[in-house]
Structures are given as C-alpha cells and as structure tokens.
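# Chains, contacts and geometry: an overview
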Amino acid sequence: MSDSEEHHFESKADAGASKTYPQQAGTIRKNGYIVIKNRPCKVVEVSTSKTGKHGHAKCHFVGIDIFNGKKLEDIVPSSHNCDVPHVDRTDYQLIDISEDGFVSLLTESGNTKDDLKLPADETLNAQIKNGFGEEGKDMILTVMSAMGEEQICAVKEIGGKS
C-alpha cells in the first residue's frame, strides 16, 4: 500500500455500540422494553402459553411503541432471544424555541443541542410553549433516546421569573 492512498470512514458517534442487546424471551417482563417489528416498545402485557408434547412454550408480547404510541404484538418461543433496545433518558434545560418548532437545549457539558423538534403530543407541546413563552419559566425537558431516535417525553419546571 502506498502513502498516497486515503481511506475515508463514516464517523459514527456511538463508537460501534449496538442499538439493542439480546435477552431470552422468557425473562422479559411487563414494563420492560422489547423490539417488535424493528420498533422500540414498552411491554404492557406478557402471556406465556405451554404447547403440546414436543412444542416450546411461547411468549405473547403486547408493546406500545415508545415514540409514536402504536400498539404492536409479537409471539416468540420462550427459549429464544429477543432484541431489547438500549433506552436512555436525559434531562436538558430549555434555552429557546425556534419559529419552525425546534428547541434549543443546554447539555450538561454546556453545549447546545438544536436538533430536536417539539413533541407531537399536543398536551406536552402546549405545556412547553405556555410555560416557556408566556410564563417565562425555566424548564427541564426529558429526552428519551433508543435505536437512533430521540424525542421529548416529559417536562418539569424549575422555578420561574417572579
């Protein structure tokens, strides 16, 4: 190989970390997380059925997509592995809301994060806009991230201008 050749690599922030990890289906419980149809879901119902003489016990999962709220179902043999998403919740302080619906957030390191839109959830959206815009309160937004997606999922007020 000569020195004149240049190699270009796609840079990824996760340093090759997987978006999911395997877990045996029989050990996944209600209120846990599971990947159903390539979507991260919170498990709302689990039922296990025993099958015939030579069959495997099967787990029936009902999950709600953590980003869009859709109900998804899956049936998996209890001895098989399922994908479980790495779900992170991070709190950021709200700095500004732009005209086009993007929020400007302050990270713990003091940098800004400007790539998140206001949530689609109307009540949460109104709570953020009213609290920040009209009442001028300092707000902390909780951002949930899983499988390369991020969304604002909660809001808390930390005092206000008196």
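Details of the structure are given in the entry above.
I will try to describe carefully the structure that is included in this document. All of these numbers come straight from a predicted model, not from anything done at the bench.

## Considerations on the pattern of salt bridges
Under the counting rule described, the total for this entry stands at six salt bridges. A salt bridge links Lys137 to Glu157; its shortest N-O distance comes to 3.2 Å. A residue pair is termed long-range when its members are at least 10 positions apart, and Lys137 in the loop between helix H1 (122-134) and strand S10 (139-146) and Glu157 in strand S11 (residues 149-157) qualify at 20 residues. Overall, the relative accessible area of 22% leaves Lys137 in the partly exposed class. Where salt bridges share partners, they join Arg39, Asp65 and Glu149 into one cluster.

## Remarks on H1
The first and last C-alpha atoms of H1 sit 17 Å apart over 13 residues, in line with the 18 Å expected at 1.5 Å per residue. For H1, the full list of buried residues reads Leu124, Asn125, Ile128 and Gly131. Looking straight down H1, one finds that the buried residues subtend no more than 150° of arc, so they occupy a single side. Facing away from the buried side of H1, by more than 90 degrees, are the exposed residues Glu122, Thr123, Gly133 and Glu134. Where H1 is buried, its residues touch strand S7 (88-97), S10 and S11. Residue Gly136 follows H1 closely and has a positive phi angle near 65°.

## A few points about the nonpolar core
Of all hydrophobic cores here, the largest spans 14 residues; its most connected members are Leu94, Val103, Leu105, Ile128, Leu141 and Ile152. Going through the elements one at a time, S7, strand S8 (102-106), H1, S10 and S11 are the ones with two or more residues in this core. When residues no more than four places from it in sequence are discounted, the contact partners of Leu141 are Thr90, Asp91, Tyr92, Leu94, Leu105, Ile128, Ile152, Ala154 and Val155. Core analysis: the second largest hydrophobic core is formed by 12 residues, Ile28, Ile36, Leu72 and Val76 among them.

## Concerning the pairing of strand S4 (residues 58-65)
Where strand S3 (residues 39-49) lies against S4, eight bridges are found, and the strand directions are antiparallel. When the sheet's bridge partners are listed, Ser47 is paired in S4 with His60. Taken together, the seven bridges between S4 and strand S5 (residues 71-77) define a ladder with antiparallel strand orientation. Counted as the bridge partner of Lys58 is Pro77 from S5. Connecting S4 to the antiparallel partner S5 that follows it, the hairpin turn spans five residues, and Gly69 within it adopts a positive phi of roughly 75°.

## Some details on the environment of Phe102
For Phe102, the location among the structural elements is in strand S8. C-alpha separation for the pair Phe102 and Asp114, spaced 12 residues apart in sequence, amounts to 6.9 Å. Contact partners of Phe102, with chain neighbours within four places excluded, come to Asp96, Ile97, Asp114, Asp115, Leu116 and Lys117.

## Some words on the sheet that holds S5
Spatial ordering of the open sheet is given by S2-S3-S4-S5, a layout of four strands whose pairing is antiparallel. In this open sheet, the two edge strands, each paired with only one partner strand, are strand S2 (33-36) and S5. Neighbour-to-neighbour, the strand axes of this sheet turn through a mean angle of 45°, independent of strand direction.

## Quick word on the sheet that holds S8
An order of S9-S8-S7-S10-S11 is seen for the five strands of this open sheet, with the pairing classed as antiparallel. Two strands lie at the open edges of the sheet, namely strand S9 (112-117) and S11, each paired on one side alone. With strand direction ignored, the average angle separating the axes of adjacent strands in the sheet is 45°. Judged from the four bridges that link them, S8 and S9 form a sheet pairing that is antiparallel. Across the sheet, Leu105 pairs through a bridge with Lys113, a residue of S9.

Conventions we followed
- Residues numbered from 1 in each chain as written.
- Predicted model: local features only at pLDDT ≥ 70, side-chain atom pairs only at ≥ 80, totals over all residues.
- Heavy atoms only, no water.
- Salt bridge = Lys/Arg side-chain N within 4 Å of Asp/Glu carboxyl O.
- Helix = DSSP H or I, 4+ residues; strand = E, 2+ residues; numbered from the N terminus.
- Buried < 20%, exposed > 50% of the residue type's maximum accessible area, 1.4 Å probe, protein only.
- Expected span 1.5 Å × (residues − 1).
- Arc of directions from axis to C-beta.
- Contact = heavy atoms within 4.5 Å.
- Core = buried A, V, L, I, M, F, W, Y, C linked by side-chain atoms within 4.5 Å.
- Pairing = 2+ DSSP bridges.
- Axes fitted to C-alpha atoms, helices over the stretch in contact; angles between N-to-C directions.

Any functional reading would require information that these geometric values do not contain.
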